[in-house]
Amino acid sequence: MPETEIDISARKRLAWRVAEVGKIIDETPRVKSLVLDVPGWPGHRPGQHVDVRLTAEDGYQAQRSYSVASAPESTHVILTIERIEGGEVSSYLASDVQAGDKFELRGPIGGYFVWTVAIGGPLFLVAGGSGIAPLMAMLRHRAAAQSTIPALLLYSSRTFEDIIYREELDRLAARSDGFKVVHTLTRRQPSGWTGGARRIDHSMLANLGLSANARPRIFICGPTSLVESAAQYLSDLGHERNLIKTERFGPTGG
Amino acid sequence: MTQPPISRGFRGRRPDDGRTGRVPPGQHVTRDFPVLSAGPTPETDLENWSFSLYDGDRAVAEWSWADFAGLPQTSLKVDIHCVTSWSKLDTHWQGVTIDTLIDAAGLSEPPTSFTMIHSDGDYRTNIPVEDLIDGKAMVATRYEGDPLAPEHGGPARLLVPHLYFWKSAKWARRLQFIPNDEPGFWEELGYHMYGDPWREQRYAGD
């Protein structure tokens, strides 16, 4: 009997669990990370997501999917939420939630957009805005596992102030363990900025020095336009299409 | 579980009257058409495009792009529901129903009870035959009057609007009749084998 058949028949319903908000981290003016305590959390792999469900006083419910930003090695589940204008769930999670609040969550979900050190590298990550969240889970996992697998992150943000996890990314790069981060700022750059100053394009990807011959595992996450174009450019540069995995954060994540 | 915790101060954005009965549990209405796919958008030129029906490993029929365009076309106005919780109402599609394809292939009836839909980019998804026939599904080539855009599955995608939208496989190329239900791509990764939005069958076990 094929393995998948056994797996599927054995699957139990993913239970809704109650998450309690511990610390709330202001990442940028529009983005917060919620550090959650989730009793019974079965663990996750970097890149997987959860469904969050909010319940109003009259019983009305709304749910959305969010990537897990924490490493599997962390004792907490961290979600990083960007406040989207008019976003029914995100505006609540990124503005109104306080430490001690509780809501429901179930997961982990998804097994394709996933990387662990056991999968190997090199690892090549391309992020736009809050699309960094599942990629951060991979980088945090890589660091927690003391891995020296070469890893490169190309991260596009609007402005310097919009860079999520900026200091943590600097610290990770300072470990000199094979991880490098390249930022590009699309709207405004501070004086003396040495990173990229435009949207991710073909030449920016070509000049990163990561050859298709090295067969990097590629993960791209961000708004659709960035994901579509970056995946296409990387394919044009000779990267095998089945090594390019994509996830999209659109406005309807709200 | 017992009572879910109340999110203090959460009111949410309720659907307007009239939509209530059209939006499955746990879904919210969007006006956008989000793009969700697991990898790069395949490039398929129409010269090399074909759509085929298989009975197991045996090819039963194959249509080139020109042949396909010559088959009787059907238009549908439907609501679509993505497992990531968005729903989009009143979308307009044009294409060839599965009934028409079965007819055109010269089959008097579907040879088996289950199917696997195969797409460019190594994607596949499983659907029972009864969910594809009697006008319930089509291979769509036009959306809102225009040729279907590549990021939305063009040149042709399956459209099975009464199931979660991952079943409406983008870049569809082959419909294979199979004797037993088998999991496709997302179904192997923990998503529901059937995917009825009204029963909220998102993940295995739901």
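Residues numbered from 1 in each chain as written. Chains lettered and ligands numbered in written order. Predicted model: local features only at pLDDT ≥ 70, side-chain atom pairs only at ≥ 80, totals over all residues.

S.K.: Could you clarify how one ought to interpret the overall build of chain B in this entry?
M.R.: Looking only at helices and strands, chain B features three helices and 11 strands. Seen in sequence order, chain B has helices and strands lined up from the N terminus as β-β-β-α-β-β-α-β-β-β-β-β-β-α. For 206 residues, the compact-globule estimate of 2.2 N^0.38 gives 17 Å, and chain B sits close to it at 18 Å. Expressed along its principal axes, the backbone C-alpha trace of chain B runs to roughly 60 × 35 × 30 Å. Scored against the burial criterion, the 206 residues of chain B give a buried share of 38%. Restricting the contact set of chain B to residue pairs at least 6 apart, pairs at least 24 apart contribute 61%. (Helix = DSSP H or I, 4+ residues; strand = E, 2+ residues; numbered from the N terminus. Rg over C-alpha atoms; globule rule 2.2 N^0.38 Å. Buried ≥ 20, exposed ≤ 12 C-beta atoms within 10 Å, placed from the backbone. Contact = placed C-beta atoms within 7 Å.)

S.K.: Can you help me understand the sheet that holds strand S2 (residues 31-37) of chain A in this one?
M.R.: Strand-to-strand pairing in sheets goes through backbone hydrogen bonds, with the strands running parallel or antiparallel. All names here are of chain A. What the six strands build is an open sheet, ordered S4-S3-S6-S1-S2-S5; its pairing is antiparallel. What marks the edges here is a single partner per strand, and that holds for strand S4 (61-67) and strand S5 (77-82). Averaged over all pairs of adjacent strands, the angle between strand axes in this sheet comes to 40°, irrespective of strand direction. Here strand S1 (residues 17-28) pairs with S2 via six bridges, running antiparallel. (Pairing = 2+ DSSP bridges. Axes fitted to C-alpha atoms, helices over the stretch in contact; angles between N-to-C directions.)

S.K.: Any chance you could explain the sheet that holds strand S9 (residues 179-185) of chain A here in plain terms?
M.R.: Residue and element names in this part refer to chain A. As summarised here, the arrangement of the five strands in space is S9-S8-S7-S10-S11, forming an open sheet in which the pairing is parallel. Across the chains shown, the open sheet's two edge strands, defined by having one partner strand only, are S9 and strand S11 (244-248). Across this sheet, the average inter-strand angle for adjacent strands is 10°, counted without regard to direction. Bridging between strand S8 (residues 151-157) and S9 involves seven bridges; their strand directions are parallel.

S.K.: Help me understand the interface of chain A and chain B in this model?
M.R.: Many structure descriptions define interface size as the accessible area lost when the parts assemble. On the side of chain B, 38 residues touch chain A, which itself brings 42 residues to the contact. When residues of the side of chain A that touches chain B are traced back to their parent elements, those giving at least two are helix H1 (3-10), strand S3 (49-55), S4, helix H2 (90-96), strand S6 (102-109), helix H6 (224-236) and S11 of chain A. The element contributing the most residues to the side of chain A that touches chain B is H6 of chain A, with five residues. Taken together, the residues of the side of chain A that touches chain B break down into 15 nonpolar, 13 polar and 14 charged. (Nonpolar A, V, L, I, M, F, W, Y, C, P; charged D, E, K, R; others polar.)

S.K.: What should I look at first to understand the nonpolar core in this one?
M.R.: General note: in soluble globular proteins, nonpolar side chains tend to be found buried as a group. Residues and elements named next belong to chain A. With 99 residues, the main nonpolar core has Leu79, Leu125, Leu135, Leu153, Phe219 and Ile220 as its most contacted residues. The residues that make up this core include at least three from each of domain 1 (3-109) and domain 2 (117-253). Excluding anything up to four places from it in sequence, Phe219 contacts Gly47, Phe113, Trp115, Leu125, Leu135, Met138 and Lys245. (Core = buried A, V, L, I, M, F, W, Y, C linked by C-beta atoms within 7 Å. Domains from an automatic or database assignment.)

S.K.: Quick question: what am I supposed to make of the domain arrangement of chain A here?
M.R.: All names here are of chain A. According to the domain assignment, chain A consists of domain 1 (3-109) and domain 2 (117-253). Using only C-alpha atoms to locate each centre, domain 1 and domain 2 end up separated by 23 Å. Listing elements by their share of the side of domain 1 that touches domain 2, those giving two or more residues are S1, S4 and S5. Residue classes in the side of domain 1 that touches domain 2 are distributed as eight nonpolar, six polar and four charged.

S.K.: Sorry, what's going on with the pairing of S2 of chain A here?
M.R.: Consecutive side chains along a regular strand alternate between the two faces of the sheet. Residues and elements named next belong to chain A. For S2, a buried count of five out of seven residues is recorded, marking the element as mostly surrounded by other parts of the structure. Between S1 and S2, which pair antiparallel and follow one another directly, the connecting turn spans two residues. Inspection of the sheet shows S2 paired to S5 by six bridges, in the antiparallel sense. Considered in S5, the bridge of Val35 is made with Ile78.

S.K.: When you look at the confidence of the model for chain A in this model, what are you seeing that I'm missing?
M.R.: Should the pLDDT be low somewhere, the predicted coordinates at that spot are not to be read in detail. The share of residues in chain A with pLDDT of 70 or more is 94%, and the mean pLDDT across the chain is 92. The low-confidence segment residues 1-9 of chain A (pLDDT under 50) makes six contacts with residues lying over four places distant or belonging to another chain. (pLDDT = per-residue confidence, 0-100.)

S.K.: Explain unusual backbone geometry to me, please; I cannot follow it from the model alone.
M.R.: Following Gly121 of chain A, the chain continues into Pro122 of chain A via a peptide bond in cis, with omega recorded as 0°. Tracing the chain through its elements places Pro122 of chain A in the loop between S6 and strand S7 (123-128). For the peptide bond that leads from Gly154 of chain B to Pro155 of chain B, omega is 10°, which places it in the cis range. Following the sequence through the fold, Pro155 of chain B ends up in the loop between strand S9 (146-147) and strand S10 (157-159). Even without glycine at this site, Asp134 of chain B takes up a positive phi of about 55°. Among the structural elements, Asp134 of chain B can be located in the loop between strand S7 (124-128) and strand S8 (138-143). Residues other than glycine seldom take positive phi values, yet Glu200 of chain B does so here, at roughly 50°. Position of Glu200 of chain B among the secondary structure elements: in the segment after helix H3 (185-188). You can call Glu200 of chain B partly exposed: it has 17 C-beta atoms within 10 Å.

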